[in-house]
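So the chains spell out like this:
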There are 2 protein chains.
Amino acid sequence: MLPRGRPRALGAALLLLLLLVVGFFLFGRDPECERRSWAGEGGTLCDRCLLTPRVFSDGLGTTATLDGDPYGSRNRSTSSLQLLLPPKCEMLHVAIVCAGYNSSREIITLMKSVLFYRKNPLHLHLITDAVARNILETLFRTWMVPAVVVSFYDAEELKPLVSWIPNKHYSGLYGLMKLVLPSVLPLSLARVIVLDTDVTFSSDIMELWALFGHFSDKQVVGLVENQSDWYLGNLWKNHRPWPALGRGFNTGVILLWLDRLQQIGWEQMWKLTAKRELLTLTATSLADQDIFNAVIKEHPELVHPLPCVWNVQLSDHTLAERCYLEAADLKVIHWNSPKKLRVKNKHAEFFRDLHLTFLGFDGKLLCRELFGCPNQFPPGVEQLQQALAQLDEEEPCFEFRQQQLTVHRVHITFLSHQPPPPRPHDVTLVAQLSMDRLQMLEALCRHWRGPMSLALYLTDAEAQQFLRFVETSPVLSARKDVAYHVVYRDGPLYPVNQLRNVALAQALTPYVFLSDIDFLPAYSLYDYLRASIEQLALGRRQRKAALVVPAFETLHYRFSFPNSKAELLTLLDAGSLHTFRYHEWPQGHASTDYTRWREAQAPYRVQWSADYEPYVVVPRDCPRYDPRFVGFGWNKVAHIIELDAQEYEFLVLPEAFSIHLPHAPSLDISRFRSSPTYRDCLQALKEEFHQDLSRRYGSAALKYLTALQQSRSRA
Amino acid sequence: MLPRGRPRALGAALLLLLLLVVGFFLFGRDPECERRSWAGEGGTLCDRCLLTPRVFSDGLGTTATLDGDPYGSRNRSTSSLQLLLPPKCEMLHVAIVCAGYNSSREIITLMKSVLFYRKNPLHLHLITDAVARNILETLFRTWMVPAVVVSFYDAEELKPLVSWIPNKHYSGLYGLMKLVLPSVLPLSLARVIVLDTDVTFSSDIMELWALFGHFSDKQVVGLVENQSDWYLGNLWKNHRPWPALGRGFNTGVILLWLDRLQQIGWEQMWKLTAKRELLTLTATSLADQDIFNAVIKEHPELVHPLPCVWNVQLSDHTLAERCYLEAADLKVIHWNSPKKLRVKNKHAEFFRDLHLTFLGFDGKLLCRELFGCPNQFPPGVEQLQQALAQLDEEEPCFEFRQQQLTVHRVHITFLSHQPPPPRPHDVTLVAQLSMDRLQMLEALCRHWRGPMSLALYLTDAEAQQFLRFVETSPVLSARKDVAYHVVYRDGPLYPVNQLRNVALAQALTPYVFLSDIDFLPAYSLYDYLRASIEQLALGRRQRKAALVVPAFETLHYRFSFPNSKAELLTLLDAGSLHTFRYHEWPQGHASTDYTRWREAQAPYRVQWSADYEPYVVVPRDCPRYDPRFVGFGWNKVAHIIELDAQEYEFLVLPEAFSIHLPHAPSLDISRFRSSPTYRDCLQALKEEFHQDLSRRYGSAALKYLTALQQSRSRA
């Protein structure tokens, strides 16, 4: 029982629901975000900083070529001493083009490395396709990093601006889009750092921003020299690169002085050059980089060469060693080979370790506020933080309260995914899991040949293990109709219903089969469910229906799966199979009426009874799970009550079944069994749930309350 | 089969064995290490740097008081611009006092934070008790961080130097030892940074070292002002702190100018002051810090005040906010409250996140070399790296070869541990596990009431989860006779035999029971084994014996454990229990002769037969497991062959038994079952093992080879 804190906790839970449902923090879609006080306004602040520059220089130049002496970094103190430091709390602007599933994962690792070192507010300008936007919008909304604003720009709209340029580079059209940033980004934006998704920071981005202070009046673009001999030509017979100044420049890291670019007519300039070169060259080989270099060759006064450490390029034939062996400090690593981390390089392991640091880095640890900078959070987030801060750590159910309020960072469609074609009776299997159930996935894929939407509760490091697990599994990597949504771990209790809701929200078919990861469906279930949905004409019925898939279990961990209902019944009679939790929790599936099911030839209707928790097929727009149930216990029961309260009919399917495989008890179940407090807290949650139910359904909810009271008096 | 690379791999495996057995890299014990070329020599190099100082200053002073204006950091550019940067590759020296299990964990987190940001070679001077030395020597030897030298100094020898000082601080005598460092560290050492174990770095330690360059000729000790009102006195009635200059100074971070301290007679000085103050004050409240402050009060010219950001103190009533809200950059965080991370503080979460970053940080990622610095590795490590580099990535068994060569970082006795008292017949249960078997520990503790030595294969983050798991389990936290040894994950294959060897090497009783984590021993087994060892007079026998504990299994995951052999036989007859792997791998335990065991009243001798892998009790000095067997398969079989070859008698104990509980198949077993390459590589390992066996035992090993050939012709 919970003597204290219930009303507060209720309020908090409502607040959470509000946050989850309304989506309080829709970055970028709101054009107003540019004008928010805390977001600052790039141009103005920066100008202020440049009007009163404090330049500290030891007198070394910043020109940086691979053959000349100074890299701007050969002397170890140069880079840190030549800074024109932006004032504390100045907003820095970063633009990145990002498209597809893989780049969406890359950009997150890049952002982790930037956030780890940054000490300034950041405004990200993301040029994305629909896939990346969907992923990244959800991610940043749920990540809630202080002092980070994100604006999205639709890459689809930019395609016509660059699609006339023939291009052979693996980045496709998206690479070319960096050329049009000056006309796409807000006019108010004076300067921006442009990054490829395959760079990793190993320093504070503020130091890079400060290099704008070294630009002469004429310079509009800051670039690091290309660290290969590509643009020198003659790498092989008929190798004819685009024109460039010496070794040319690499465009993985660019400082763009936007307003000056506008003034000099950048758009005209690069188009003219590109068209002229394309008269003799058939296509760009390195996308935007070829064109940037051609323009610079013609107008060398436009470029401000940056020290080599700001773009250490790790392609196969890189000359980067000349840079980093001398430098005291690497600032940005650029994985500019299509092989990425698998590139062959004498020091590859060194760079991989730097990158791996952020690949598995817990993103939650990057939610550090910037001391002394005002208004880092939008109001909704601040409310949530206050609610969390007001929880009483001494209260027995504190962990439950805290877990309920926790907004988990969510990375939807973590891996490549092909959405299922629209089919009126299609059904998606919905489930959730953590690392210790990964072994179930292959078997599940063999049993269910339809689409799946799975939520995985993982740490950042585990997400990488999961990625490798799928890549090395022929069964899993062949399946493009399984969508994996990573929900990042945070807190001591398993947020089972929040996970279910993430998986459910991402299901794309009209129907969903709400299952659990340790169940294997009958091989025929996917086809049978679609046929049943069609036959029962669920779409056209007046009444809402939940199709019940009867659940069984085996206690043996080696087990041969029945191929038909007849085989299943034989195993049941032989005692090799049981109805699910028959021994421990018979009421969970009593209403399914297994005796009737044995003989049934047609779907039959059953009534709700206390603690009923069948596995059901429902329309995708069914009620969500109640996120207050965290850890073990009652999480499905509450959902079935909700379905019943909303007058869903329960129809048991005569040929459907699924079988639970044994596994070691989860840590949550162990805690439930061993801790009286845990059970008391669960009881308190149940009572709060019923209070809400009565409030919403009035006297119709009376039967649930009666059932609860009966079960309590039995306990 | 392995067509290529076998001789090379053999050589590599031998090299690994050599490395593991001989201990090629015993830091510190070797007084020569000071003179190694790659270690450099602190004093000389530093002096060189100071003779030609390049000081860049923007004119702001560095004095730093909480009430005065500049913190030396209020202006964001101060700290980075006022540096006297030591030359690239200069060795920096750090001294830390560390005693006991908890501080040994703390110091590792501290070192991770230092290593993450450092760009210079480091020499650690560790003043340790026996426990910490044992842990840290193993850890640093197996960590193999480039350009880090570690020297150990025995704290026991320093105790008499400070034990005369009455002290009430929680750090005990060890805190006071910082006072005697100038007389303990090598005379050749001119300067050293002294750190408490409870600080976390958030910056490059080279910047701290550079502050020596700001000392005046007279200054000998650099300290940050104390960030509380403690030394102002009157915090409560009769609060009478030691004398201090204003708020006094905190000694969590100290710059010690050692040779100058020698010159001014530091030892005389602090003793005189301490003795005088102790005439009126009964004891030190804050250990060394009280005495440092009393000396400074008398000789203010000795202290060089450091910017507050170099020791941000997070006690309960800290005034640190005045420092960090203004600063652009925090350099060092100091958890100087006995509550540590649980301290109440408005910004506690910010600081906790910084600390947690390194708590769960993968230490392996810190093995980055320092580009451009010579001789970072001792010769043994370089040989190992070359062997690894020479492996052929395209070879089918590459992963096996790589895993065999991997030296895992090992943290022995990760948690507090009470070694068992010496008893001639005592026996330690030895096993290994990873995170997915943590649930077994409580049951195991209930079944086995004797000492255990367990190796855990974990990531750094999992090690922290494991720590919390034990802390929150009343069963586990009550057991001080269980030693947990963390072996850090590295590579795709489970290094099962390396883990077993770590656990075996740390067993402290004369006998060991070599078990597996998913077996529960009979409740009586511990007592029964000790009695059997005594009765069989194993210690006095001429012949070596291995006592066999018969193994059973249940396929049911709910199961009531038999209290006696009689009960066990009943369950066996009822089919609820089976002899272990009877269905899949009967030869593994065939020699145990279960039929005979049913009736046996006394121990009986059995003969080795092919693939025999019983669970046995042997003397602690038994042969080690062959570390070439990684992943799944044949790892115990090879060990039993080794015992048989060394003429151990196998004696089956008539009342002993242990039962295997079911669990989901491990990922390694799944891979074994699904991959033909995996099986081929295992077969290759077996053959190499037999070649070694023939080499060592000659014709006596013939029977094992015959058995292998028979099994191959069957396959």
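All of these numbers come straight from a predicted model, not from anything done at the bench.

**Some words on the overall build of chain A**
Part 1 of the reasoning: Secondary structure summary: chain A contains 27 helices and 23 strands in total.
Part 2 of the reasoning: Expressed as a percentage of the 715 residues in chain A, the buried residues total 61%.
Part 3 of the reasoning: Relative to all contacts within chain A whose residues are 6 or more apart in sequence, the contacts with residues 24 or more apart total 80%.
Part 4 of the reasoning: Of the roughly 27500 Å² of accessible surface on chain A, 53% is carried by carbon and sulfur atoms.

**Some words on the environment of Ala566(B)**
Part 1 of the reasoning: Residue placement: Ala566(B) occurs in helix H22 (residues 565–574).
Part 2 of the reasoning: Note: C-alpha distance between Ala566(B) and Ala505(B) (61 residues apart in sequence) is 36 Å.

**Notes on the sheet that holds strand E12 (residues 427–434) of chain B**
Residue and element names in this part refer to chain B.
Part 1 of the reasoning: Ordered in space as E11-E14-E13-E12-E15-E21-E17-E22-E20, the nine strands form an open sheet in which the pairing is mixed. Strands with a single pairing partner mark the edges of an open sheet, and in this sheet they are strand E11 (410–411) and strand E20 (604–606).
Part 2 of the reasoning: The pairing of E12 with strand E15 (residues 511–514) spans four bridges and is parallel. Pairing of Val 427 across the sheet is with Tyr 511, part of E15.
Part 3 of the reasoning: Contacts from helix H21 (residues 525–535) reach E12, E15, strand E17 (545–549) and strand E21 (615–619), with the element oriented near 135° to E12.

**Overview of the pattern of salt bridges**
All names here are of chain A.
Part 1 of the reasoning: This structure, assessed with the given rule, holds 66 salt bridges over all chains.
Part 2 of the reasoning: Between Lys 159 and Glu 156 there is a salt bridge, with its nearest N and O atoms 3.6 Å apart. Placement of the pair is Lys 159 and Glu 156 together in helix H6 (residues 155–162), with a separation of three residues, close to one helical turn.
Part 3 of the reasoning: By relative accessible area, Glu 156 is classed as partly exposed at 44%.

**Comments concerning unusual backbone geometry**
Part 1 of the reasoning: Even without being a glycine, Ala147(A) presents a positive backbone phi close to 55°.
Part 2 of the reasoning: Among the structural elements, Ala147(A) can be located in the loop between helix H5 (130–143) and strand E3 (148–154).
Part 3 of the reasoning: Positive phi, close to 65°, is recorded for Asn238(B), a residue that is not glycine.

**Considerations on the packing of aromatic side chains**
Part 1 of the reasoning: As enumerated under the stated definition, the model contains 73 aromatic pairs over all chains in all.
Part 2 of the reasoning: Considering the side-chain rings of Phe629(A) and Trp634(A), the 5.9 Å spacing of their centres and the 45° angle between planes classify their relative orientation as tilted.
Part 3 of the reasoning: A residue is classified by how much of its surface remains accessible, and Phe629(A), at 0% relative accessible area, is buried.
Part 4 of the reasoning: Joined through ring pairs, the aromatic side chains of Phe116(A), Tyr117(A), Phe358(A), Phe361(A), Phe116(B), Tyr117(B), Phe358(B) and Phe361(B) make up one cluster.
Part 5 of the reasoning: Over the aromatic face of Phe414(A) sits the side chain of Arg105(A), whose NZ or CZ is 5.6 Å from the ring centroid.
Part 6 of the reasoning: Here Lys565(B) stacks its cationic end above the ring of Trp597(B), 4.2 Å away from the centre of that ring.

**Side note on the pairing of strand E2 (residues 122–128) of chain B**
Residue and element names in this part refer to chain B.
Part 1 of the reasoning: In terms of burial, E2 is largely enclosed, as seven of its seven residues are buried.
Part 2 of the reasoning: In E2, alternate side chains face the same way, and those of Leu 122, Leu 124, Leu 126 and Thr 128 on one face and His 123, His 125 and Ile 127 on the other are all buried.
Part 3 of the reasoning: Strand direction decides the pairing type here: strand E1 (residues 92–98) and E2, joined by seven bridges, are parallel. Its bridge partner being in E2, Ile 96 is matched across the sheet by Leu 126.
Part 4 of the reasoning: Handedness of the E1-helix H4 (residues 100–117)-E2 crossover: right-handed.
Part 5 of the reasoning: Alignment of E2 against strand E3 (residues 148–154), held across seven bridges, turns out to be parallel. For His 123, the partnering residue across the bridge sits in E3 and is Val 149.
Part 6 of the reasoning: Chirality of the crossover, the property in question, places the unit of E2, helix H5 (residues 130–143) and E3 among those that are right-handed.

**Brief notes about the state of the cysteines**
Residues and elements named next belong to chain A.
Part 1 of the reasoning: Overall, the coordinates contain six disulfides over all chains when judged by the stated rule.
Part 2 of the reasoning: Across the disulfide from Cys 89 sits Cys 373; the S-S distance is 2.0 Å. Note on the Cys 89 and Cys 373 pair: the S-S dihedral is about -95°, so by sign convention the disulfide is left-handed. Note that Cys 89 is positioned in the loop between helix H3 (78–81) and strand E1 (92–98) and Cys 373 in the loop between helix H14 (348–359) and helix H15 (379–390), a separation of 284 residues in sequence. There is no split in this pair, since Cys 89 and Cys 373 are both buried.

**Regarding the sheet that holds strand E19 (residues 578–579) of chain B**
In a beta sheet, neighbouring strands are held together by backbone hydrogen bonds and run either parallel or antiparallel to one another.
Residues and elements named next belong to chain B.
Part 1 of the reasoning: Taken in spatial order, the four strands of this open sheet run E16-E23-E18-E19, and their pairing is mixed. A single partner strand is all that each edge strand has here, and the edge strands are strand E16 (519–521) and E19.
Part 2 of the reasoning: The sheet contact formed by strand E18 (residues 551–553) and strand E23 (residues 658–660) spans three bridges and is parallel. Bridge pairing in E23 links Glu 553 to His 660.

**Side note on the environment of Gln403(A)**
Part 1 of the reasoning: Structurally, Gln403(A) is set in helix H16 (residues 398–405).
Part 2 of the reasoning: Not counting residues up to four positions away in its chain, the partners in contact with Gln403(A) are His408(A), Tyr457(A), Asp490(A), Gly491(A), Pro492(A), Leu493(A), Gln498(A) and Val630(A).

**Structural notes on the side chain of Asp516(A)**
All names here are of chain A.
Part 1 of the reasoning: On the secondary structure map, Asp 516 appears in the loop between strand E15 (511–514) and strand E16 (519–521).
Part 2 of the reasoning: For Asp 516, a relative accessible area of 10% translates into the label buried.
Part 3 of the reasoning: Engagement of the side chain of Asp 516 in a polar contact is seen with the side chain of Gln 432, the distance being 3.3 Å.
Part 4 of the reasoning: Excluding residues that lie within four positions of it along the chain, Asp 516 makes contacts with Ala 431, Gln 432, Arg 500, Tyr 615 and Lys 636.

**Here we look at the packing of helix H24 (residues 635–645) of chain A against helix H26 (residues 676–697) of chain A**
If you want to describe how two helices pack, look at the angle between their axes and the distance between the axes.
All names here are of chain A.
Part 1 of the reasoning: The geometry of H24 relative to H26 is characterised by a closest axis approach of 12 Å and an angle of 10° between their N-to-C directions. As judged from the angle between their axes, H24 and H26 are roughly parallel. Across from Ala 638, Ile 641, Glu 642 and Ala 645 in H24, the residues of H26 making contact are Phe 689, His 690, Leu 693, Arg 696 and Tyr 697.
Part 2 of the reasoning: Looking at the contact of H24 with H26 residue by residue, the classes come out as six nonpolar, one polar and two charged.

Reading the values: rules and limits
- Here, residues in each chain are numbered from 1, in the same order as that chain's written sequence.
- Chain letters start at A and ligand numbers start at 1, both assigned in the order the entries are written.
- Given that the model is predicted, a residue must reach a pLDDT of at least 70 before its local features are reported, and side-chain atom pairs must reach 80 or more before they are shown or counted; all residues, however, enter totals for whole chains, interfaces and linings.
- The side-chain figures draw on all heavy atoms in the structure; neither hydrogens nor water molecules are used.
- A run of H or I in DSSP becomes a helix once it reaches four residues, and a run of E becomes a strand once it reaches two; helices and strands are each numbered from the N terminus.
- Relative accessibility thresholds used throughout: buried, under 20% of the residue-type maximum; exposed, over 50%; partly exposed, between the two (1.4 Å probe, protein chains only).
- Only heavy atoms enter the contact rule, under which two residues are in contact if any of them lie within 4.5 Å.
- Only the protein chains shown count as covering a residue, and every accessible area follows the Shrake-Rupley method with a 1.4 Å probe.
- A pair of strands is labelled paired if DSSP reports no fewer than 2 bridges between them.
- Axes here refer to lines fitted to C-alpha atoms; in helices the fit is confined to the stretch in contact. Angles between the N-to-C directions go from 0 to 180 degrees.
- Salt bridge, as used here, is a side-chain nitrogen of Lys or Arg placed within 4 Å of a carboxyl oxygen of Asp or Glu.
- Whether two aromatic rings pair depends on their centres lying within 6.5 Å, for rings of Phe, Tyr and Trp, where Trp uses its six-membered ring; planes under 30 degrees apart make the pair stacked, over 60 edge-to-face, and the rest tilted.
- Two conditions define a charge sitting above a ring: the NZ of Lys or the CZ of Arg must be within 6 Å of the ring centre, and it must be within 35 degrees of the ring normal.
- Handedness of a crossover is defined as follows: orient the strands so they point away from the viewer, and if the path from the first strand over the helix to the second runs clockwise, the crossover is right-handed.
- Any two cysteine sulfur atoms lying within 2.5 Å of each other are counted as a disulfide.
- Polar contact is defined as a pair of N or O atoms within 3.5 Å, subject to the rule that within protein one atom must be able to donate a hydrogen and the other to accept it, and that residues adjacent in sequence are counted only when both atoms are side-chain atoms.
- For classification, angles of less than 35 degrees are called roughly parallel, those exceeding 145 degrees roughly antiparallel, those between 65 and 115 degrees roughly perpendicular, and all remaining angles oblique.
- Side-chain classes are defined by residue name, with Ala, Val, Leu, Ile, Met, Phe, Trp, Tyr, Cys and Pro counting as nonpolar, Asp, Glu, Lys and Arg as charged, and the others, Gly among them, as polar.

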